[in-house]
2 protein chains.
Amino acid sequence: MDPAVVGRRVRALREEQGISLSTLARLAGVGKATLSGLEHGTRNPTLETLWAVTAQLGVPFTALLAEPAAEPTVHGTAVTATLLEVFTDTDATYELYRMRVAPGVTQLSPAHAPGVTEHVTVFAGVLRTGPADAPLTAPAGGHLRWVSDVPHSYAAVGDEEVAASLLLRYPRR
Amino acid sequence: MDPAVVGRRVRALREEQGISLSTLARLAGVGKATLSGLEHGTRNPTLETLWAVTAQLGVPFTALLAEPAAEPTVHGTAVTATLLEVFTDTDATYELYRMRVAPGVTQLSPAHAPGVTEHVTVFAGVLRTGPADAPLTAPAGGHLRWVSDVPHSYAAVGDEEVAASLLLRYPRR
DNA sequence: CCCGACTGTTCCGTTTACGGAACGGAAGCG
DNA sequence: CGCTTCCGTTCCGTAAACGGAACAGTCGGG
């Protein structure tokens with residue numbers, strides 16, 4: 001893997017918080033040269049250095065290393081979904097996705113097996129989704145839930161891309 | 001964090017696979033001295049070294065780091081949560097966790113910053129959570145949401161462990 | 001036995017990541 | 001215009017992480 005990726009991640013996180021390189025270096029107890037080289041990917045940081053920096057950023061290690069590329073991703077006309085986790089329980093199997101819905105397009109999805117339900121939590125944007133003949137709308141922070149054994153649709157309301165988490169529940173037959 | 005913890009984890013993973021230190025070092029392309037020191041916690045490994053070893057073990061980086069996020073969320077006796085993803089957009093930063101709540105114990109969590117909200121979707125079991133003075137209850141498939149700028153509690157109802165996804169929303173200041 | 005092949009640890013020279021200091025550049029202020 | 005105070009990068013001596021080799025210990029076979 002590429003240390004440059006980690007570096008870019010650190011720089012992005014730092015700038016999100018509006019902290020300067022100098023202050024972050026001081027707070028984390030590392031040299032400015034160290035942090036500079038780390039962000040540029042020209043150094044090969046030690047565990048101790050990474051730990052100090054991520055701790056000061058208030059970010060768990062995983063935030064630096066989450067690699068979506070290897071994860072299975074489903075692309076549709078409007079929807080891009082990446083599978084985060086599969087969870088199996090005595091009653092049902094669950095699939096948790098992160099979903100993005102591009103604006104301006106409506107995507108239709110065929111019916112799933114009987115009893116399958118979908119649960120959506122919207123992060124950003126406004127999402128219209130649900131049974132194709134009676135979709136529901138949820139703004140950022142909202143939550144929707146419907147039985148998806150009928151054809152259903154996904155669409156972003158307005159021109160902002162929608163980000164959401166999608167939980168699919170498949171009851172055990 | 002303690003490099004000795006990482007070392008023990010690597011050794012445990014290696015022995016699980018029945019691979020000797022020598023062969024793992026050779027396969028990963030690192031020196032035996034390096035791997036030996038890493039497993040003993042007497043060295044401060046670089047990102048490159050950790051990467052090579054974990055890749056050869058077929059283990060994601062996160063497997064080495066038992067305790068991902070002590071920061072924004074406080075986890076303790078009843079709740080164990082693992083961070084799945086961090087998502088930042090113009091209005092807020094989101095953290096998506098998979099959460100497990102052990103039965104028989106109630107865990108209290110201190111108030112977060114003003115405006116922080118929590119969204120929970122229950123996979124399995126029955127969860128009672130929300131503001132400590134007025135918790136809500138959700139069965140499998142249910143969804144809860146509350147503003148977490150007050151102390152709040154988590155508890156499993158009944159004797160079944162609860163599995164859920166937890167979305168934390170931090171509004172941008 | 002004794003040998004070969006293996007285990008994991010330790011020694012050691014080379015490479016390099018480390019922090020402190022010095023650097024040029026960009027604001028903000030009198 | 002100076003002067004100060006930040007910013008991020010570069011230079012550099014030191015500390016240490018690196019891989020290769022040598023080490024003792026263990027097992028199995030001839």
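Everything numeric in this text was worked out from a predicted model, so none of it was measured.

So, the overall build of chain A
Now for step 1: Tallying secondary structure elements over chain A gives five helices and 10 strands in all.
Now for step 2: Residue burial in chain A is summarised as follows: out of 173 residues, 49% are buried.
Now for step 3: Sequence-distant contacts, at least 24 apart, represent 60% of the contacts inside chain A between residues at least 6 apart.
Now for step 4: Surface accessibility of chain A: about 7900 Å² in total, with carbon and sulfur atoms responsible for 55%.

Notes on the packing of aromatic side chains
The description of two aromatic rings rests on the distance between their centres and on the angle between their planes.
All names here are of chain A.
Now for step 1: Summed over the entire model, instances satisfying the criterion amount to two aromatic pairs over all chains.
Now for step 2: Here the aromatic rings of Trp146 and Tyr154 are separated by 6.4 Å at their centres, their planes lie at 65°, and the arrangement is edge-to-face.
Now for step 3: You can call Trp146 buried: its relative accessible area is 5%.

Comments concerning the pattern of salt bridges
Residue and element names in this part refer to chain A.
Now for step 1: According to the stated counting rule, one finds six salt bridges over all chains in the structure shown.
Now for step 2: Of the charged contacts in the structure, one is a salt bridge between Glu39 and Arg14, with a shortest N-O distance of 2.7 Å. In this pair, Glu39 sits in helix H3 (residues 32–40) while Arg14 sits in helix H1 (residues 3–16), placing the two residues 25 residues apart along the sequence. There is no split in this pair, since Glu39 and Arg14 are both buried.
Now for step 3: Through salt bridges with shared partners, a single network forms among Arg11, Arg14 and Glu39.

With respect to the protein's contact with DNA strand C
Now for step 1: Around DNA strand C sit 19 residues in total, of which A:Thr34, A:Thr49, B:Ser20, B:Leu21 and B:His40 are the nearest.
Now for step 2: Among the atoms of DNA strand C lying within 4 Å of the protein, the sugar-phosphate backbone contributes 68%.
Now for step 3: For DNA strand C, a base oxygen lies 3.3 Å from a polar atom in the side chain of A:Arg43.
Now for step 4: Of all the elements in the fold, those that place two or more residues in the surface near DNA strand C are H3 of chain A together with helix H1 (3–16), helix H2 (21–28) and helix H3 (32–40) of chain B.
Now for step 5: Partitioned by chemical class, the residues of the surface near DNA strand C number five nonpolar, 10 polar and four charged.

Here we look at the nonpolar core
Now for step 1: Among the nonpolar cores identified, the biggest contains 32 residues, and A:Leu35, A:Val53, A:Leu57, B:Leu35 and B:Val53 are the most heavily contacted of them.
Now for step 2: Elements with a contribution of two residues or more to this core: H1, helix H2 (21–28), H3 and helix H4 (47–57) of chain A together with H1, H2, H3 and helix H4 (47–57) of chain B.
Now for step 3: Sorting elements by how many residues they give to this core places H4(A) first, with five residues.
Now for step 4: Setting aside residues up to four positions removed in sequence, A:Leu57 forms contacts with A:Val10, A:Leu13, A:Arg14, A:Gln17 and A:Leu24.

Things to note about the protein's contact with DNA strand D
Now for step 1: Close to DNA strand D lie 19 residues, the nearest being A:Ser20, A:Leu21, A:His40, B:Thr34 and B:Thr49.
Now for step 2: When atoms of DNA strand D within 4 Å of the protein are split into backbone and base, the sugar-phosphate part holds 69%.
Now for step 3: Taking A:Arg11, its side chain carries an N or O atom lying 3.4 Å from a phosphate oxygen of DNA strand D.
Now for step 4: One nitrogen or oxygen atom from the side chain of A:Lys32 is found 3.4 Å from a base oxygen belonging to DNA strand D.
Now for step 5: Contributions of two or more residues to the surface near DNA strand D are made by H1, H2 and H3 of chain A together with H3 of chain B.
Now for step 6: Among the elements that take part in the surface near DNA strand D, H3(A) stands out by supplying four residues, more than any other.

Overview of the sheet that holds strand E4 (residues 106–109) of chain A
Residues and elements named next belong to chain A.
Now for step 1: Across the sheet, which stays open at both edges, the four strands sit in the order E4-E9-E6-E7 with antiparallel pairing between neighbours. In this open sheet, the two edge strands, each paired with only one partner strand, are E4 and strand E7 (136–138). Taken pair by pair, the neighbouring strands of this sheet meet at an average axis angle of 20°, ignoring direction.
Now for step 2: Across six bridges, the pairing between strand E6 (residues 126–131) and strand E9 (residues 152–157) is antiparallel. When the bridges of E9 are listed, Thr129 appears paired with Tyr154.

Points about the packing of H1(B) against H3(B)
Packed helices, taken two at a time, are described by the angle their axes make and the gap between the axes.
All names here are of chain B.
Now for step 1: Between H1 and H3, the least distance of the axes is 6 Å, while the angle of their chain directions is 115°. In this structure, H1 contributes Gly7, Arg8, Val10, Arg11 and Arg14 to the contact, and H3 contributes Leu35, Leu38, Glu39 and His40.
Now for step 2: Looking at the contact of H1 with H3, its residues break down into three nonpolar, two polar and four charged.

Some details on the pairing of strand E8 (residues 143–147) of chain A
Residues and elements named next belong to chain A.
Now for step 1: Here E8 shows one buried face, formed by Leu144 and Trp146, and one open face, formed by His143, Arg145 and Val147.
Now for step 2: Of the strand pairs in this sheet, strand E5 (residues 117–124) and E8 are connected by five bridges, and their pairing is antiparallel. Counted as the bridge partner of Glu118 is Trp146 from E8.

Observations regarding the confidence of the model for chain A
Residues and elements named next belong to chain A.
Now for step 1: With 80% of its residues at a pLDDT of 70 or more, chain A has an overall mean of 79.
Now for step 2: Averaged pLDDT values over the elements of chain A bottom out at 58 in strand E1 (residues 73–75) and peak at 94 in H3.
Now for step 3: Across residues 67–71 the pLDDT falls below 50, and counting only partners more than four positions away or on other chains, this stretch makes six contacts in the model.

Side note on empty space enclosed by the protein
Now for step 1: For the structure on display, the rule yields one cavity of 30 Å³ or more.
Now for step 2: Considered as a void within the structure, the largest cavity measures approximately 70 Å³ in volume.
Now for step 3: Lining the largest cavity are A:Leu96, A:His119, A:Val120, A:Thr121, A:Ser165, A:Leu166, A:Leu167, B:Leu96, B:His119, B:Thr121, B:Ser165 and B:Leu167.
Now for step 4: Looking at the lining of the largest cavity, the elements that each hand over two or more residues are E5 and strand E10 (162–171) of chain A together with strand E4 (117–124) and strand E9 (162–171) of chain B.
Now for step 5: Among the residues forming the lining of the largest cavity, the class breakdown is six nonpolar, six polar and no charged.

Conventions adopted
Residues numbered from 1 in each chain as written. Chains lettered and ligands numbered in written order. Predicted model: local features only at pLDDT ≥ 70, side-chain atom pairs only at ≥ 80, totals over all residues. Heavy atoms only, no water. Helix = DSSP H or I, 4+ residues; strand = E, 2+ residues; numbered from the N terminus. Buried < 20%, exposed > 50% of the residue type's maximum accessible area, 1.4 Å probe, protein only. Contact = heavy atoms within 4.5 Å. Areas by Shrake-Rupley, 256 points an atom, 1.4 Å probe, with all protein chains shown as cover. Phe/Tyr/Trp six-rings, centres within 6.5 Å; stacked < 30°, edge-to-face > 60°. Salt bridge = Lys/Arg side-chain N within 4 Å of Asp/Glu carboxyl O. Near = heavy atom within 4 Å. Polar contact = N/O pair within 3.5 Å; in protein donor to acceptor, adjacent residues only side chain to side chain. Nonpolar A, V, L, I, M, F, W, Y, C, P; charged D, E, K, R; others polar. Core = buried A, V, L, I, M, F, W, Y, C linked by side-chain atoms within 4.5 Å. Pairing = 2+ DSSP bridges. Axes fitted to C-alpha atoms, helices over the stretch in contact; angles between N-to-C directions. pLDDT = per-residue confidence, 0-100. 1 Å grid on protein atoms, 1.4 Å probe; cavity = no way out; pocket = protein on both sides within 12 Å on 5 of 7 lines; lining within 4 Å. Points joined across faces, edges and corners; volume = space filled by probe spheres on them.

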